[in-house]
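Given next are the chains, with one letter for each unit.
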There are 2 protein chains.
Amino acid sequence: MAKQGTRATTIDDIAKKANVSKATVSKVINGYSGINEKTRQAVLKVMREYNYWPNTTARSLSMQQSYLVGLFMASELNNSFFREVIPGIEKTLGAQGYDILYFADKRPGNTGVSFGYLEKCRDRRVDGAIFLSYIRDELAEFEPILASDIPTVFVDMTLEGPLTSYVISDNYKSAKLAVEYLHSLGHRKIGYADGGTKSVPAEKRYQGLMDTVRDLGMECRPEWIFQYSFDEEYGYDVVNKLQQLDEWPTAVVAQDNVAIGMIRALREIGKSVPDDLSIVGFDDIEISSHYNLTTVRQQKYEMGVAASKLLMKIILNHKASKPKLMDTELIIRGSCKPIT
Amino acid sequence: MAKQGTRATTIDDIAKKANVSKATVSKVINGYSGINEKTRQAVLKVMREYNYWPNTTARSLSMQQSYLVGLFMASELNNSFFREVIPGIEKTLGAQGYDILYFADKRPGNTGVSFGYLEKCRDRRVDGAIFLSYIRDELAEFEPILASDIPTVFVDMTLEGPLTSYVISDNYKSAKLAVEYLHSLGHRKIGYADGGTKSVPAEKRYQGLMDTVRDLGMECRPEWIFQYSFDEEYGYDVVNKLQQLDEWPTAVVAQDNVAIGMIRALREIGKSVPDDLSIVGFDDIEISSHYNLTTVRQQKYEMGVAASKLLMKIILNHKASKPKLMDTELIIRGSCKPIT
DNA sequence: TCAATCTCGGAAACCGGTTTCGATGTCTTG
DNA sequence: CAAGACATCGAAACCGGTTTCCGAGATTGA
């Protein structure tokens, strides 16, 4: 090995140069008391002089903590929800000195076997983990990590059980807001298109929708209800199915991606939103404004911030913290028309 | 400390249970030769039985490598380019057992001072680093890490100097494709709106555009050239400035975000793309298809893959590898009209 | 002045792995 | 049957930090 010169300076080097033991240097690094101010300054001076920075790997090993947080998400980055939540997480945790380990999906390990979340977390000695938007199907996989002592926060999902911490939007209210708005415009026949009930948020929205429709004396026929998926394609499917019906609802409440798919599909068959159908979306994803879609916004960035704060609290207290319900807000654009 | 039971199993535990030394277990883990098949199987059995996974932190410390790659990007995640590049990186590096440390921007460290990239990399002992889309202004900050022995790959940017490895699209060709296409439609008066020359890709595109315009005998007046920024707002600005001109170009070549801003701005003043103006974009970002924008696509996912492969090669060889120029491709949609 | 206390710093164990090198036992070969 | 070659395994050092605990000096109080 030639490149001896580039070897990073270690705590031993500093100790030697400063004529103290590495224990002393360590105490200076960590700001412990019991070190004479004079020697502290001397050590600090040598550290600066050699541009010394302690090896985080070694430190993680002995301290059993890493200042690392695992960020797991159900699908890939290329999801409009994640894009906005993650910056909130990154900013907040970063400000506290945490770095983020980024896992967009379950990957095979060296053995070819998929990592469990717990293994991955233990493996890297993360101080905590944040999970984004997993659905019910996958819940069983969280049992090991929940049974462990690794601080964990869920975002946009909930798990049954007393000890989970999560951040989630008030999806019930979102649906209520959407329906009430449509009601105020005179709509009485409401359709619904959203993800299936495997998704906790979609399920809550469904409940909110049905309850509000009932309370306001509106109509929502079973054939106007579409619960399957969150993507644009599904919006096309929904429009296809609608076409086979004798009577349409006058308005549809749909997750934004689905709503946009519907708008496109309707355009292609010569129908217009809002003239032929009013639509209210859920989420307010980035492209929604491009479609002039009226939608109920989730505070995505703020959810990232809230999740991070929650996680840090758990890391400190070592017990699950209160879940946080985020408020939602109706963003009125141009995809709804009053019924005259 | 109560929770003794949850302590992860260590290599010592396995060694004890299998009646061998930890050296032997280590050799089995790493697949070294010199271990009898029978004992190997015995050790593997115990490992499986205890669901053992070696501690990466400890391993990093002694092997002097971390299986960690730092991913740095100039702005926030919420950038359409990153969204597509990152999955390519994640998949490729993940398949090789690397995890990704995610840095969306420069954050203050414990001391309140901004981390340099080199410090951050040394700190976490990353095996390599990937930088996305930084501009000329920031280049000086890369000197320390380039002078170090940390393998580094740049994406969508280049640095002067003989030893840098990078992956970048053939932006010159992109502009050429765009202009040639417009020429084939009969256009002779071409406008241009893109980022400023601080961005290497934008600069190359400008060159490609000007060269091709000249070679084909087309016209591109100075007042039709807008070089400032990559966002939608700027598209509005461009349209504003165009309105003050006596004569417009018949077609504009613009980065996708700018192009979309222009399309929206034109709509708002009652003009249509492509009827009143043809537009060809650069990049093919996600929403481009929503605007039916004809554009020159960058292979973003593939760039992520290429960058990862390049990086792994450098990690192995410990010397800079050949830069990789990615091909681009014209995606014809509906934002251009023939000139009759 | 002497004991008790306090301050400060260091030796050594530890975190959980990897790697070197020597010891032991087995197998060939002459 | 003795000697050399080979296969297999383990003891111990090492990676670069943290932390416990103890001892030496300095300080204080009676």
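Placed above this text is the structure.
Cut-offs and rules
- Residues numbered from 1 in each chain as written.
- Chains lettered and ligands numbered in written order.
- Predicted model: local features only at pLDDT ≥ 70, side-chain atom pairs only at ≥ 80, totals over all residues.
- Heavy atoms only, no water.
- Helix = DSSP H or I, 4+ residues; strand = E, 2+ residues; numbered from the N terminus.
- Buried < 20%, exposed > 50% of the residue type's maximum accessible area, 1.4 Å probe, protein only.
- Polar contact = N/O pair within 3.5 Å; in protein donor to acceptor, adjacent residues only side chain to side chain.
- Contact = heavy atoms within 4.5 Å.
- Least-squares fit on C-alpha atoms with pLDDT ≥ 70 in both.
- Pairing = 2+ DSSP bridges.
- Axes fitted to C-alpha atoms, helices over the stretch in contact; angles between N-to-C directions.
- Near = heavy atom within 4 Å.
- Nonpolar A, V, L, I, M, F, W, Y, C, P; charged D, E, K, R; others polar.
- Salt bridge = Lys/Arg side-chain N within 4 Å of Asp/Glu carboxyl O.
- Phe/Tyr/Trp six-rings, centres within 6.5 Å; stacked < 30°, edge-to-face > 60°.
- Lys NZ or Arg CZ within 6 Å of the ring centre and 35° of its normal.

Asker: I keep staring at the side chain of Thr294(B) and nothing clicks. Help me out?
Answerer: Residue and element names in this part refer to chain B. With respect to the secondary-structure elements, Thr 294 resides in strand S10 (residues 294-298). Judged by relative accessible area, Thr 294 falls into the buried class, the value being 0%. A polar contact of 2.7 Å, which involves the side chain of Thr 294, links it to the backbone nitrogen of Arg 333. Setting aside its immediate chain neighbours within four residues, Thr 294 contacts Tyr 181, Ile 279, Val 280, Gly 281, Leu 330, Ile 331, Ile 332, Arg 333, Gly 334, Ser 335 and Cys 336.

Asker: Just checking my understanding: could you explain the relation of the copies chain B and chain A for this structure?
Answerer: The two chain copies are connected by a rotation around an axis plus a translation along it. After a rotation of 179° and a shift along the axis of 0.5 Å, chain B superposes on chain A with an RMSD of 0.8 Å. The superposition operator between the copies reduces to a two-fold rotation axis. A share of 96% of the interface residues of chain B reappears at the interface of chain A, consistent with the copies meeting face to face through the same patch.

Asker: Quick question: what am I supposed to make of the sheet that holds strand S10 (residues 294-298) of chain A here?
Answerer: As a general point, the strands of a sheet are linked pairwise by backbone hydrogen bonds and lie either parallel or antiparallel. Residue and element names in this part refer to chain A. Sheet architecture is open: six strands sit in the order S7-S6-S8-S9-S10-S12, paired in mixed fashion. Looking at strand neighbours, the two that pair on one side only are strand S7 (225-228) and strand S12 (328-331), the edges of this open sheet. Neighbour-to-neighbour, the strand axes of the sheet open up by a mean angle of 15°, direction not taken into account. Alignment of strand S6 (residues 190-195) against S7, held across four bridges, turns out to be parallel. The partner of Asp 194 across the bridge, within S7, is Gln 227. With respect to the sheet, helix H8 (residues 171-184) is in contact with S6, strand S8 (251-255), strand S9 (278-283), S10 and S12, its orientation differing from that of S9 by roughly 160°.

Asker: Quick question: what am I supposed to make of the protein's contact with DNA strand C here?
Answerer: Of all residues adjacent to DNA strand C, which total 29 residues, the nearest are Thr24(A), Thr39(A), Ile11(B), Ser26(B) and Tyr32(B). By atom count, sugar and phosphate contribute 63% of the portion of DNA strand C lying within 4 Å of the protein. Residue Thr24(A) places a side-chain N or O atom 2.6 Å away from a phosphate oxygen belonging to DNA strand C. Take Lys22(B): an N or O atom from its side chain is 2.9 Å from a base nitrogen of DNA strand C. Of all the secondary structure elements, the ones that give two or more residues to the surface near DNA strand C are helix H2 (22-29) and helix H4 (56-63) of chain A together with helix H2 (22-30) and helix H4 (56-63) of chain B. When residues of the surface near DNA strand C are assigned to their parent elements, the largest contribution, five residues, is made by H2(B). Broken down by class, the residue content of the surface near DNA strand C amounts to eleven nonpolar, 13 polar and five charged.

Asker: Please explain the pattern of salt bridges as it appears in this structure.
Answerer: If charged atoms from side chains of opposite charge come close, those side chains can pair. Residue and element names in this part refer to chain B. Enumeration over the complete set of coordinates arrives at 41 salt bridges over all chains. Close ionic contact of Glu 37 with Arg 40 constitutes a salt bridge, the shortest N to O distance being 3.6 Å. Here Arg 40 and Glu 37 lie together in helix H3 (residues 37-49), a separation of three residues that amounts to about one turn. Glu 37 gets classed as partly exposed once you look at its relative accessible area, which sits at 45%. Among the ionic pairs, Arg 122 bridges to Asp 149, the shortest N-O distance being 4.0 Å.

Asker: Explain the packing of aromatic side chains to me, please; I cannot follow it from the model alone.
Answerer: How two aromatic rings sit relative to each other is given by the distance of their centres and the angle of their planes. Within the structure shown, the criterion is met by 31 aromatic pairs over all chains. Their ring planes at 70° and their centres at 5.3 Å tell us that Phe72(A) and Tyr117(A) sit as a pair that is edge-to-face. Here Phe72(A) is found in strand S1 (residues 68-73), whereas its partner Tyr117(A) is found in helix H6 (residues 117-124), with 45 residues between them in sequence. Among the residues examined, Phe72(A) registers a relative accessible area of 4% and is labelled buried. Of the residues examined, Tyr117(A) reaches a relative accessible area of 4% and is grouped as buried. Taking 5.0 Å as the distance between ring centres and 45° as the angle between the ring planes, the aromatic pair formed by Tyr67(B) and Tyr98(B) counts as tilted. You can see Tyr67(B) sitting in the loop between H4 and strand S1 (68-73) and its partner Tyr98(B) sitting in the loop between helix H5 (80-95) and strand S2 (99-103), a full 31 residues away along the chain. Exposure remark for Tyr67(B): the relative accessible area of 27% places this residue in the partly exposed category. Look at Tyr98(B) and you get buried, because its relative accessible area is 8%. Ring pairs connect the aromatic residues Phe72(A), Phe103(A), Tyr117(A), Phe131(A), Tyr134(A), Phe142(A) and Phe154(A), which therefore count as one cluster. In this arrangement the basic side chain of Lys271(A) is found over the ring face of Trp248(A), its NZ or CZ atom lying 5.2 Å from the centre.

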